[in-house]
Amino acid sequence: MTKDFSKYQDIIDSFRGKVNKAGFDTKFALSTNHLAKTETFILKMELKRLAAACTRSIDLRGLVDGVCKLFEYNGQSHFLDDVAIRVFEDNVAEYGDYTFGVYDAVKNTENNFRVIYQNEQAGNIRTSADSLKKMQEKLQYPASLYQFDDYDDRFEERMNFAIAIIVILENKQELKATSSDISMTGCKFRLTNERPLKIGQIVEIQFSGLEQEFQFSTTDVFPFEVRNIHRDGNTQLIGCQRIQVSEKDILKQFLSGYIQGNKRRYKINLENTITALQARSFEQYLLPKLTELPVFIEKNESGLVPRYALTTNNNQAIYQYWQDETGNSTLSLLLNEKRLERLQKTTDNSLLVYSFIHQTQGKSFFYSMDTEQLLAESGFSSFFLTFAANQKTFSITELSCVKVDQNHAHSAFTLANTHSLKEQYINLPPSDEVITSLALIPFISVVNDITHPSLVAHYQQISSGKISSANLKKYGHRRLTKPIIVDELGVSYKNQRQELRFIYDTPVIIECEKTHWQGNSHDFSVSGLKVELDNPAMLAKGDVVYLTFPKLQKITSAFDLKQLSYEVVRINKKKTILNLRVHVKSHKHIGRAFFKLLISKNRHKLTPDEYAMLTPGLADALRTSYAKNMNVPALLVQASGSRYKIEAIASNNDSSELFKQMRRLSDRENYYNLYPLLTKLQSSGLLEQHLKTLLMGDESIAELLYIAVDINEFKVDKSVQVTLDSELSTPELKRLFIKKSLKRGQFYCLKLMITRTNEPDMEYLNAELSYISSYALHRGKKLEQDIWSVVGMIQCFDITKEALSCYNLPNA
């Protein structure tokens with residue numbers, strides 16, 4: 001029977017690691033002279049047990065509130081979290097080795113789920129809560145930055161190879177060095193900082209370490225140009241490339257064969273490919289879940305007009321908001337030429353737009369004012385904002401713009417010219433037609449809906465006067481006499497469609513629970529179709545409806561096209577556009593059989609939908625262009641056992657003030673401390689709660705954060721103060737927090753959009769993954785595990801400008 005030694009814990013702690021030391025018996029007898037002899041004997045045996053050597057491995061994965069990692073001690077492997085590692089090392093210092101005392105201490109840390117449960121069961125709830133709070137209030141959330149910029153490819157494979165070389169400078173001074181890697185026409189070597197070299201400098205290299213493998217003459221030196229220099233402490237890593245190399249160069253031919261024959265022995269340098277694959281995989285998770293709407297602006301004879309929009313399930317609401325009652329895009333009203341010109345002139349590349357839609361007699365009328373217009377109409381602005389905020393269709397939109405560079409339209413694989421024809425086909429460079437189309441697009445306007453209930457509630461109260469109809473009319477947009485076509489391009493790396501769709505317009509009658517709606521089809525496939533209704537339908541995703549095709553029924557007697565069951569897989573916000581798929585129970589679906597026959601007999605007459613009318617490859621080029629210019633930071637959520645971890649930031653912009661502060665607050669070089677973004681989400685359990693309720697196809701969940709940063713304070717918990725919008729219950733409290741933050745240092749307001757991610761397209765990623773695995777199998781497996789571990793994403797929108805404007809406070 002196990003003895004409970006909790007009441008003797010003070011005695012045990014005082015004699016930790018002292019059992020085998022001189023004088024133990026005397027000191028122990030004095031400390032236990034008030035105890036019965038039986039108790040003294042048992043306690044002494046327990047101290048000797050704790051001091052005995054232990055050989056058990058400890059695996060705390062899933063047993064503690066923390067992320068476990070491999071920890072080795074004296075050749076033995078354990079899986080411990082940071083708390084357990086600290087306890088392990090502290091107790092080893094006390095006992096002098098890995099003993100049962102160390103084992104027991106590690107198995108009973110304060111964040112062990114069993115310990116937490118026992119404390120609660122014993123009625124020690126307050127102690128447990130304090131312990132949990134202490135754990136949750138951790139100060140370091142380290143994360144690395146991954147950018148979707150140009151991934152550096154290499155024309156030749158580099159082999160990690162250390163040999164002695166002699167570097168000869170222009171003054172004939174000779175420096176002895178050692179190479180770190182070589183290629184057919186390149187070399188990288190280390191030098192001390194005492195011998196500084198410059199980029200562009202010409203040096204000569206003698207490969208003295210290759211003399212046994214290659215027959216050099218005594219005068220064989222080869223000219224190289226210094227291409228890059230990286231300094232690391234007291235050394236500099238010099239990258240050089242050969243100049244004046246002929247096609248039949250003897251050294252080049254020798255190195256080609258030598259690297260090919262030895263690259264599995266000495267290993268190829270894969271760092272650029274690994275970096276590219278990590279970023280490319282994160283890009284695949286991020287782009288199909290964009291919350292903002294990238295709109296590509298084309299310059300033609302009419303001026304600047306929206307031409308293409310990259311849509312996802314998360315930004316469909318923005319795209320559909322700017323549509324009239326007939327479903328035609330009205331993005332040209334939001335992004336009119338004068339507004340785009342104002343946007344490009346702003347110092348912070350940002351323009352806020354406040355809008356609403358007035359619907360009368362079945363028609364939609366759009367009204368909007370941007371921040372520049374509000375400043376120009378200061379006497380009218382408060383009336384407009386209050387009137388607009390009290391409309392159900394009120395929206396606050398942030399516009400920004402990024403320039404389009406044709407060189408950013410393609411992201412080549414980083415395979416050093418070793419990829420097969422099949423791999424080249426998966427990722428072809430843009431055609432001349434695509435380049436011509438991109439030449440007409442000077443920039444991308446990024447449309448982001450930053451509407452939030454707390455902001456709306458404030459605007460509803462800023463004015464009590466009656467609005468002037470004449471002034472309001474000035475900001476109403478004229479209805480388009482001829483719609484401006486904006487092509488909607490769905491962001492997808494992995495084609496979810498199993499069948500080709502065809503454009504076809506035919507009347508449809510839809511029935512559900514004895515209610516009927518009439519409409520017309522947009523397109524169809526064998527197993528589904530898209531329908532636009534004349535009137536909104538109170539349907540939801542998953543509903544089963546029954547379709548009748550009156551016009552198609554007239555052309556066939558072989559099929560009964562009435563009351564065919566379909567399932568709603570998607571419905572727009574206005575409840576007028578349905579995406580349907582066949583709903584089959586236990587019998588053959590007549591609709592599927594009919595459309596299959598219709599397609600097979602009329603294939604040459606039917607028009608395929610979507611990108612068939614676009615230049616082939618244009619959609620991919622536009623997607624890649626935006627990826628390389630995307631400035632909205634995103635945090636990648638990865639599953640780690642039964643818990644979640646966030647250790648990666650995906651963004652092309654790390655120059656924002658908040659990024660600088662997160663880097664300053666990190667205790668690790670080249671890492672960012674995500675404490676300002678994650679401390680509230682983690683400690684409140686909101687992140688885990690949202691991720692457990694979200695499904696892959698669900699829209700994002702928004703959380704609003706108010707962050708105060710004291711730039712003169714270096715302790716994280718004293719430098720940063722974070723609160724959720726829900727914790728500041730009134731506009732007055734929000735305004736007070738912002739004023740105090742500005743007085744203290746810096747203020748940020750972030751809208752976090754939390755979403756579940758889709759599965760990656762491994763066919764697209766497999767080229768680089770296979771290349772890495774062929775030379776470093778363990779690294780390939782680890783990368784693949786990391787790719788599949790991503791389960792969610794948090795986009796971080798900085799809406800500080802709107803928060804300051806809303807509460808009429810200066811932008812510090």
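As a starting point, this report considers the structure included with it.

Cut-offs and rules
Residues numbered from 1 in each chain as written. Predicted model: local features only at pLDDT ≥ 70, side-chain atom pairs only at ≥ 80, totals over all residues. Heavy atoms only, no water. Axes fitted to C-alpha atoms, helices over the stretch in contact; angles between N-to-C directions. Helix = DSSP H or I, 4+ residues; strand = E, 2+ residues; numbered from the N terminus. Parallel < 35°, antiparallel > 145°, perpendicular 65-115°, else oblique. Contact = heavy atoms within 4.5 Å. Nonpolar A, V, L, I, M, F, W, Y, C, P; charged D, E, K, R; others polar. Salt bridge = Lys/Arg side-chain N within 4 Å of Asp/Glu carboxyl O. Buried < 20%, exposed > 50% of the residue type's maximum accessible area, 1.4 Å probe, protein only. Pairing = 2+ DSSP bridges. Patch = residues over 30% accessible without salt bridge, like charges linked within 9 Å, V, L, I, M, F, W, Y side chains within 5 Å. Areas by Shrake-Rupley, 256 points an atom, 1.4 Å probe, with all protein chains shown as cover. Phe/Tyr/Trp six-rings, centres within 6.5 Å; stacked < 30°, edge-to-face > 60°. Lys NZ or Arg CZ within 6 Å of the ring centre and 35° of its normal.

Thoughts on the packing of helix H27 (residues 762-775) against helix H28 (residues 777-789)
For the pair H27 and H28, interaxial distance at closest approach is 6 Å and the crossing angle is 150°. Here H27 is positioned roughly antiparallel relative to H28, judged by the angle of their axes. Side by side, H27 and H28 meet where Met762, Leu765, Leu769, Ile772, Ser773 and Tyr775 of the first sit next to Leu777, Arg779, Gly780, Leu783, Glu784, Ile787 and Trp788 of the second. For the contact of H27 with H28, the class distribution of residues is nine nonpolar, two polar and two charged.

With respect to the pattern of salt bridges
Counted by the stated rule, this structure contains 20 salt bridges. The residue Arg307 makes a salt bridge to Asp487 at a minimum N-O spacing of 2.7 Å. In this pair, Arg307 sits in strand S12 (residues 303-311) while Asp487 sits in strand S17 (residues 487-490), placing the two residues 180 residues apart along the sequence. Lys645 serves as the salt-bridge partner of Glu647, at 3.8 Å between the closest nitrogen and oxygen. Linked by salt bridges that have partners in common, Glu46, Arg49 and Asp104 make up one network.

Remarks on the pairing of strand S7 (residues 186-192)
The buried fraction of S7 is high, at five of seven residues. For strand S6 (residues 174-182) and S7, the ladder comprises four bridges, and the chain directions are antiparallel. Opposite Ile182, over in S7, you have Cys187 as the bridge partner. Where S6 folds back on S7, the antiparallel hairpin that results is connected by three residues. With seven bridges connecting them, S7 and strand S10 (residues 235-242) associate as antiparallel partners. Within the sheet, the bridge partner assigned to Cys187 lies in S10 and is Cys240.

Topic: a nonpolar patch on the surface
Together, Phe41, Ile42 and Met45 line one region of the surface with nonpolar side chains, adding up to about 270 Å² of accessible area. With respect to the helices and strands, Met45 occurs in helix H3 (residues 37-51).

Observations concerning the packing of aromatic side chains
Scanning the entire structure with this criterion turns up 25 aromatic pairs. An angle of 75° between the planes, with centres 5.6 Å apart, marks the rings of Tyr354 and Tyr459 as edge-to-face. Taken together, the residues span a long stretch of sequence, with Tyr354 in strand S13 (residues 351-360) and Tyr459 in helix H17 (residues 453-459) at a distance of 105 residues. We note that Tyr354, like Tyr459, is buried. Here the aromatic rings of Tyr706 and Phe737 are separated by 6.3 Å at their centres, their planes lie at 70°, and the arrangement is edge-to-face. Placement of the pair is Tyr706 in strand S29 (residues 701-709) and Phe737 in helix H26 (residues 731-744), with a sequence separation of 31 residues. Residue classification places Phe737 among the buried residues on the basis of a relative accessible area of 9%. Within the aromatic cluster, the residues linked to one another by ring pairs are Phe356, Tyr367, Phe380, Phe384, Phe387 and Tyr475. The ring centre of Tyr103 lies 5.2 Å from the NZ or CZ of Arg56, which sits over that ring. One Lys or Arg, Arg479, reaches over the ring of Phe365 and ends 5.5 Å from the middle of that ring.

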